Amino acid sequence: MYDYTSANDLVKWAEEQYKKKNRYKLGGIGRYTKDGTRQFDCCGLYKCFMWHDYHTKNAKFYGKTQKDLNCEGLLAEAKEKGPIKTIPEIPGVLVYMKGHMGIYIGEGKVLEATAKKYNGKYGKIYKTYFKNKKKGCDGKRNTWTHWFKSPYLQYKKPKTRIYFKEGDTDPFIGEVASFMRQTFPLYTKKQALGDYFGPYIKASITEFQKRSKIKISQAIDEETLKELTKYGFKKNVVQ
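On a predicted model such as this, the values are computed, not experimentally measured, just so you know.

K.L.:
It is not clear to me how the packing of helix α1 (residues 7-19) against helix α2 (residues 42-50) should be interpreted in this structure. Could you clarify?
P.N.:
Helix packing geometry: the angle between the two helix axes and the distance between the axes. Running from amino to carboxyl end, α1 crosses α2 at an angle of 120°, the nearest separation of the two axes being 10 Å. Here α2 runs oblique to α1, going by the angle between their axes. The hand of the α1/α2 crossing is right-handed. Residues Asp9, Leu10, Trp13 and Gln17 of α1 pack against Leu45, Tyr46, Cys48 and Phe49 of α2. Its residues assigned to classes, the contact of α1 with α2 comprises six nonpolar, one polar and one charged.

Structure representation (structure tokens):
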């Protein structure tokens, strides 16, 4: 049995649908065809769960436990949301781009019902990734623009949000590197400068975390940025 108010259970349920026989259909909210194939579109995958695994014998939840909205409507009603680069590492958060959405399952991976074909196959539920190539995924989609939380789901809070780690590239990394070089030149080498999170900025961040006596994540995380603001850094990564 699933808890239909749990973001974690949304992910478990979506993983189950991914493994079953399914296909993409515009307006699909989980109804079955005669051969047992289940049909979803992108927001229909999410709404089917919210309507307690909707099917014809379970129609009493339709539109009740979640309004019947499209992607834009779901984004608009969300109280917690932001640009995709600030996505929290919380399974069950929803991701959005114009006209499309998916279910974030963690570590840069998304389950999405899409008409886009991967590996020459037809539209269905695919497991894709948008950062740091992941094994076991069907393809890559790097066009997500926003993340948001459903106001009807309960989410587990991460211990510390990690924004950037080794291998990432972003202008914000360059801002941190420049500040570290200017403020802590003793252990921030010139090679640390730039938008790429490589070994030099990693070493500088790690040393800063040791000296500040905070958790050593070897990454630019929420706790590290909070500590850097004490030295004058402006934490503008979160809108």
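K.L.:
Can you help me understand the state of the cysteines in this one?
P.N.:
Put plainly, two cysteines are in a disulfide when a covalent bond ties their sulfur atoms together. Here the structure, examined in full by the defined rule, presents zero disulfides. Of all cysteine sulfurs in the structure, the one in Cys71 sits closest to Cys42, which takes part in no disulfide; the separation is 3.5 Å. Left unpaired, Cys48 is separated from the closest cysteine sulfur, that of Cys43, by 12 Å. When its relative accessible area of 0% is taken as the criterion, Cys48 is described as buried.

K.L.:
Sorry, what's going on with helix α4 (residues 171-183) here?
P.N.:
Along an α-helix, residues three or four apart share an orientation, since each turn contains 3.6 residues. The end-to-end C-alpha distance of α4, which contains 13 residues, comes to 19 Å, matching closely the 18 Å that a straight helix rising 1.5 Å per residue would cover. Along α4, the positions that sit buried rather than exposed are Phe172, Ile173, Gly174, Val176, Ala177, Phe179 and Met180. Where α4 is buried, its residues meet β11 (162-164), α5 (199-212), β12 (220-221) and α6 (222-228).

K.L.:
Which parts of the structure should I look at to understand the side chain of His100?
P.N.:
Among the structural elements, His100 can be located in strand β6 (residues 100-106). In this structure His100 touches Cys42, Cys71, Val95, Glu112, Ala113, Thr114, Arg141 and Trp144, once residues within four positions along its chain are discounted.

K.L.:
What should I look at first to understand the nonpolar core in this one?
P.N.:
Note on soluble globular proteins: their nonpolar side chains tend to be buried together. Of all hydrophobic cores here, the largest spans 45 residues; its most connected members are Tyr46, Ile87, Met101, Phe148 and Leu153. The greatest single-element share of this core, amounting to seven residues, is contributed by α2. Among all residues touching Phe148, those that are not within four sequence positions of it are Leu74, Leu75, Ala78, Glu80, Lys81, Val93, Leu94, Val95, Tyr96 and Met101. Formed by 19 residues, the second largest nonpolar core is a distinct cluster that contains Ala192, Phe197, Ile220 and Leu225.

K.L.:
Help me understand the packing of α4 against α5 in this model?
P.N.:
Running from amino to carboxyl end, α4 crosses α5 at an angle of 60°, the nearest separation of the two axes being 11 Å. By the criterion of interaxial angle, the relationship of α4 to α5 is oblique. Note on packing geometry: the crossing formed by α4 with α5 is left-handed. Each of Val176, Ala177 and Met180 in α4 lies in contact with α5, whose residues at this interface are Ile201, Ser204, Ile205 and Phe208. Taken together, the residues of the contact of α4 with α5 break down into six nonpolar, one polar and no charged.

K.L.:
Would you mind going over α2 with me for this structure?
P.N.:
In terms of burial, α2 is a largely internal element, nine of the nine residues being buried. Taken residue by residue, α2 has Cys42, Cys43, Gly44, Leu45, Tyr46, Lys47, Cys48, Phe49 and Met50 as its buried positions. At the C-terminal side of α2, His52 shows a positive phi close to 60°.

K.L.:
What is the right way to read the sheet that holds strand β3 (residues 38-40) from this model?
P.N.:
If you walk across this open sheet you meet the three strands as β1-β3-β2, and the pairing is mixed. The sheet terminates laterally at β1 (22-24) and β2 (29-32), the two strands that pair on one side only. Each adjacent strand pair in this sheet contributes to an overall mean axis angle of 25°, direction not counted. α2 contacts β1, β2 and β3 of the sheet and is inclined by roughly 115° relative to β3.

How each quantity is defined
- Residues numbered from 1 in each chain as written.
- Predicted model: local features only at pLDDT ≥ 70, side-chain atom pairs only at ≥ 80, totals over all residues.
- Heavy atoms only, no water.
- Axes fitted to C-alpha atoms, helices over the stretch in contact; angles between N-to-C directions.
- Helix = DSSP H or I, 4+ residues; strand = E, 2+ residues; numbered from the N terminus.
- Parallel < 35°, antiparallel > 145°, perpendicular 65-115°, else oblique.
- Left-handed = near helix turned anticlockwise from the far one by under 90°.
- Contact = heavy atoms within 4.5 Å.
- Nonpolar A, V, L, I, M, F, W, Y, C, P; charged D, E, K, R; others polar.
- Disulfide = S-S within 2.5 Å.
- Buried < 20%, exposed > 50% of the residue type's maximum accessible area, 1.4 Å probe, protein only.
- Expected span 1.5 Å × (residues − 1).
- Core = buried A, V, L, I, M, F, W, Y, C linked by side-chain atoms within 4.5 Å.
- Pairing = 2+ DSSP bridges.

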